[in-house]
Amino acid sequence: MSAKVWLVGAGPGDPELLTLKAVRAMNEADVVLIDDLVNPAVLEHCGNARVITVGKRGGCRSTPQDFIHRLMLRYARQGKCVVRLKGGDPCIFGRGGEEAMWLRERGIEAQVINGITSGLAGATQCDIPLTLRGVSRGVTLVTAHTQDDSRLNWRALAEGGTTLVVYMGVAKLEEIRQQLLEGGMTADMPVAMIENASLPQQRECRSVLWRMQDDAQAFALKSPAILVIGKVAAAEQAAYVAVVASA
Ligand code: SAH
């Protein structure tokens, strides 16, 4: 691989959910810059690369995005093979798009390698099919958290009728509940909340829209977690799927 920056998805956590291409890039990297949602267990593929944590959690102050950009640029200009490793998929709420554009504007080749995004993995881990013939004709991935605090049009999402997969929603459960109800979603719409999807400490809390915040509180739901809101999230759906599959 030539000197350039690979924006690599590390998947949701389970190292077996890495792609072969991600493993190859890590293996050939000189420098690996990782986020904190990346499971350290995947780093065994990094060979002799220098691994630098540029995460934003763990009680540390955020590493400014600008600093991350400059670090990637510096190493790439030194002719190093740089891997920017991100949790899930780099381009699903992972700033992969903006990092790639920033690098390309400066003449650096940037290539994205997909990872399995936590929203898809979380649902699968709980036997939730995000689309299901006759039940859900689509799926919408949304983040409840925006940098500029702009509001998402939850009403339109409620009316759209697709399965909703919500990232960064743990602190916004009340707002989500209220707005989806106002948008006309039924109060007993099934909800699954999946914490640490695909990791050994994964936990799952099933609820329905009107009491999802109370249930999450009783469960002590913590970030990182994914919310799946839609008929497919009903626990009994698994049995339904089994019936359809055997028909
Ligand atoms: N690029 C990542 C998402 C980054 S945004 C991806 O594609 O998965 C961070 C949010 O992702 C968290 O707040 C949480 O909602 C979700 N998330 C990431 N990893 C997770 C995991 N293992 N289990 C549940 N949610 C996760």
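Provided above is the structure to which this section pertains.
In this text the structure is predicted, and so the values were computed from the model without any measurement.

Each value, and the rule that gives it
- Residues numbered from 1 in each chain as written.
- Predicted model: local features only at pLDDT ≥ 70, side-chain atom pairs only at ≥ 80, totals over all residues.
- Heavy atoms only, no water.
- Helix = DSSP H or I, 4+ residues; strand = E, 2+ residues; numbered from the N terminus.
- Buried < 20%, exposed > 50% of the residue type's maximum accessible area, 1.4 Å probe, protein only.
- Areas by Shrake-Rupley, 256 points an atom, 1.4 Å probe, with all protein chains shown as cover.
- Core = buried A, V, L, I, M, F, W, Y, C linked by side-chain atoms within 4.5 Å.
- Contact = heavy atoms within 4.5 Å.
- Near = heavy atom within 4 Å.
- Polar contact = N/O pair within 3.5 Å; in protein donor to acceptor, adjacent residues only side chain to side chain.
- Pairing = 2+ DSSP bridges.
- Axes fitted to C-alpha atoms, helices over the stretch in contact; angles between N-to-C directions.
- Parallel < 35°, antiparallel > 145°, perpendicular 65-115°, else oblique.
- Left-handed = near helix turned anticlockwise from the far one by under 90°.
- Nonpolar A, V, L, I, M, F, W, Y, C, P; charged D, E, K, R; others polar.
- Arc of directions from axis to C-beta.
- Salt bridge = Lys/Arg side-chain N within 4 Å of Asp/Glu carboxyl O.

### Points about the overall build of the protein
Here comes step 1: Secondary structure assignment for the protein yields 8 helices and 10 strands.
Here comes step 2: Residues counted as buried form 47% of the 247 residues belonging to the protein.
Here comes step 3: As displayed, the protein offers around 12,400 Å² of accessible surface, 51% of which is attributable to carbon and sulfur atoms.

### Quick notes on the nonpolar core
Here comes step 1: Residues Trp 154, Val 166, Ile 176, Leu 180, Met 185, Met 193 and Ile 229 are the most contacted members of the largest nonpolar core, which totals 22 residues.
Here comes step 2: Counting residues per element, the ones that place at least two in this core are α5 (154-160), β7 (163-167), α6 (173-182), β8 (190-195), α7 (212-219) and β10 (225-229).
Here comes step 3: In this view, Trp 154 contacts Val 142, Ala 144, Val 166, Ile 176, Gln 179 and Leu 180; residues no more than four positions away in its chain are not counted.

### As for the site of the ligand
Here comes step 1: Contacts to the ligand come from 18 residues, most closely from Ile 92, Thr 117, Ser 118, Ala 197 and Ala 225.
Here comes step 2: Pro 12 places a polar main-chain atom, nitrogen or oxygen, 3.0 Å from a nitrogen atom of the ligand.
Here comes step 3: Note that a nitrogen atom of the ligand is positioned 2.8 Å from one of the backbone N or O atoms of Ala 197.
Here comes step 4: Look at the ligand: alone it shows 550 Å² of surface, and the protein chains cover 94% of it.

### Some details on the sheet that holds strand β1 (residues 5-9)
Here comes step 1: With parallel pairing, the 5 strands of this open sheet are ordered in space as β3-β2-β4-β1-β5. A single partner strand is all that each edge strand has here, and the edge strands are β3 (50-53) and β5 (110-113). This sheet shows a mean twist of 20° between the axes of neighbouring strands, independent of strand direction.
Here comes step 2: Examined bridge by bridge, strand β2 (residues 31-34) and β3 share 4 bridges and lie parallel to one another.

### Considerations on the packing of helix α2 (residues 65-77) against helix α3 (residues 96-105)
Helix packing for two helices is described by the angle between their axes and how far apart those axes are.
Here comes step 1: As a packed pair, α2 and α3 sit with axes 11 Å apart at the nearest point and diverge in direction by 50°. By the angle between their directions, the pair α2 and α3 is classed as oblique. In the packing of α2 onto α3, the handedness of the crossing is right-handed. Together, Gln 65, Ile 68, His 69, Arg 70, Met 72 and Leu 73 of α2 and Glu 98, Glu 99, Trp 102 and Leu 103 of α3 make up the contact between the two elements.
Here comes step 2: Its residues placed into classes, the contact of α2 with α3 shows 5 nonpolar, 2 polar and 3 charged.

### Looking at helix α1 (residues 20-28)
Here comes step 1: Residues Ala 22, Ala 25 and Met 26 constitute the buried set of α1. End-on, the buried residues of α1 take up no more than an arc of 100°, which puts them together on one face.
Here comes step 2: On its buried face, α1 sits against β1, β4 (82-86) and β5.

### Details of the pattern of salt bridges
Here comes step 1: Summed over the entire model, instances satisfying the criterion amount to 11 salt bridges.
Here comes step 2: Where Glu 109 meets Lys 4, a salt bridge forms, and the shortest distance between an N and an O atom there is 3.2 Å. A residue pair is termed long-range when its members are at least 10 positions apart, and Glu 109 in the loop between α3 and β5 and Lys 4 in the segment before β1 qualify at 105 residues.
Here comes step 3: The network of salt bridges with shared partners includes Asp 35, Arg 84, Lys 86 and Glu 99.

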